[in-house]
Amino acid sequence: QFQMIRHEDLRLEESLGRGSFTRIFKGSKTDIREGERQNTDVLLKVLDGSYKNCWESFFEAASLMSQISHKHLLLVYGISVHRSENIMVQEFVKYGALDLFLRKKQGSVPVSWKLDVAKQLACVLNFLEEKKIVHGNISAKNLLLAREGDSSIGTSPFIKLSDPGISVAVTGRDVALDRIPWVAPEVLEAPETWGMECDKWSFGTTLWEIFNGGKAPLQGLDPQQKLMFYENHEQLPSPKWTELADLIGRCMEYDPALRPSSRGIIRQLNSLITSDYELLDPGLSAHA
Ligand code: ATP
Ligand code: MG
């Protein structure tokens, strides 16, 4: 369900560090199109040796992304296998991960920008819901920024949802605990019972990150404390903007059945008016 890419057609250039189970490189891919060689910038994820036994799940992530197409979903070109290495080849997205971007901007991102991003993510969520597909790893880290957007000249940001990577269903409990508060609580209790509602929970967490400047929620808590957070049915600190806090709270309902549909999420996002936010704290409006 995905293309196999010949290793000879790939070039690994600079290292961009590590993912959860991967080493990440910028690189390029050569294609012959109409008799001519063409190079495309790509992002390469090389699966770590210690997670080699999870290759099926890694391939599944690539396959999922290759089967569906949406403007806000990252393009995955395929997989390359070289000796014992498994490499996912995907579109290179210029401005990188959203959490890092927001942190770098240190609060200088307008609320309207954040709302745009949230609506784009809700749009993919709706697409996945219609196709009855669970992504399973939605977070600000897995939203990539293809266009920065500049409200002063009337352009919007543009995001793409990245691949889910190895599923927590196969990585074991340590990784799942580490993914609190993004992973839905029911996934920890019974990983086999999770459904599309788990993406709604992660959407709520991601919304929280977007409106908190890319800050990691529950940072500094150890796995046991994170588990307690779920066991006590706690909630992340509410944003001051009550309408937004309400939406996050509804997505992060401990009972999956109470979470809104993606249509409901879109409706509620559309009813959030930036001016309400500005009324809360006029001094904040430019910086929040
Ligand atoms: P996980 O499966 O947990 O999502 P991963 O292997 O996808 O792990 P990430 O931690 O999501 O790795 O990504 C690591 C970093 O690589 C990101 O912070 C981002 O800066 C960069 N990155 C990932 N994908 C791309 C891409 N397609 N284009 C540009 N940069 C990317
Ligand atoms: Mg990722």
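Up top you'll find the structure we're talking about.
All of these numbers come straight from a predicted model, not from anything done at the bench. (Residues numbered from 1 in each chain as written. Chains lettered and ligands numbered in written order. Predicted model: local features only at pLDDT ≥ 70, side-chain atom pairs only at ≥ 80, totals over all residues. Heavy atoms only, no water.)

Draft legend 1. Quick peek at the overall build of the protein chain. The helix and strand inventory of the protein chain stands at eleven helices and seven strands. In summary, the protein chain has a C-alpha radius of gyration of 19 Å against a globular reference of 19 Å for 288 residues, a match within 12%. Its C-alpha atoms give the protein chain principal-axis dimensions of about 60 × 50 × 35 Å. Taking as baseline every contact in the protein chain between residues at least 6 positions apart, the subset at least 24 positions apart corresponds to 64%. When the accessible area of the protein chain is evaluated, it comes to approximately 14,200 Å², of which 49% is carbon and sulfur surface. (Helix = DSSP H or I, 4+ residues; strand = E, 2+ residues; numbered from the N terminus. Rg over C-alpha atoms; globule rule 2.2 N^0.38 Å. Contact = heavy atoms within 4.5 Å. Areas by Shrake-Rupley, 256 points an atom, 1.4 Å probe, with all protein chains shown as cover.)

Draft legend 2. Broad picture of the site of ligand 1. The environment of ligand 1 is made up of 21 residues, and the closest members are Ser-20, Thr-22, Lys-45, Glu-91 and Val-93. Contact distances for ligand 1 include 2.5 Å between an oxygen atom and a side-chain N or O atom of Thr-22. Starting from 630 Å² of accessible surface for ligand 1 in isolation, the protein chains cover 91%. Those elements that place two or more of their residues in the shell around ligand 1 are β2 (22-33), β3 (36-47) and β5 (85-91). (Near = heavy atom within 4 Å. Polar contact = N/O pair within 3.5 Å; in protein donor to acceptor, adjacent residues only side chain to side chain.)

Draft legend 3. Quick look at the sheet that holds β2. The strand order across the open sheet built from five strands is β1-β2-β3-β5-β4, with neighbouring strands paired in antiparallel fashion. Either end of the sheet is taken by a strand with one partner, and the two such strands are β1 (10-18) and β4 (76-82). Put simply, the sheet's adjacent strands are angled 30° from each other on average, direction ignored. Strand direction decides the pairing type here: β3 and β5, joined by five bridges, are antiparallel. Looking at the pairing, Val-46 lines up with Ile-87 of β5. (Pairing = 2+ DSSP bridges. Axes fitted to C-alpha atoms, helices over the stretch in contact; angles between N-to-C directions.)

Read these as layout, nothing more, since geometry by itself doesn't imply function.
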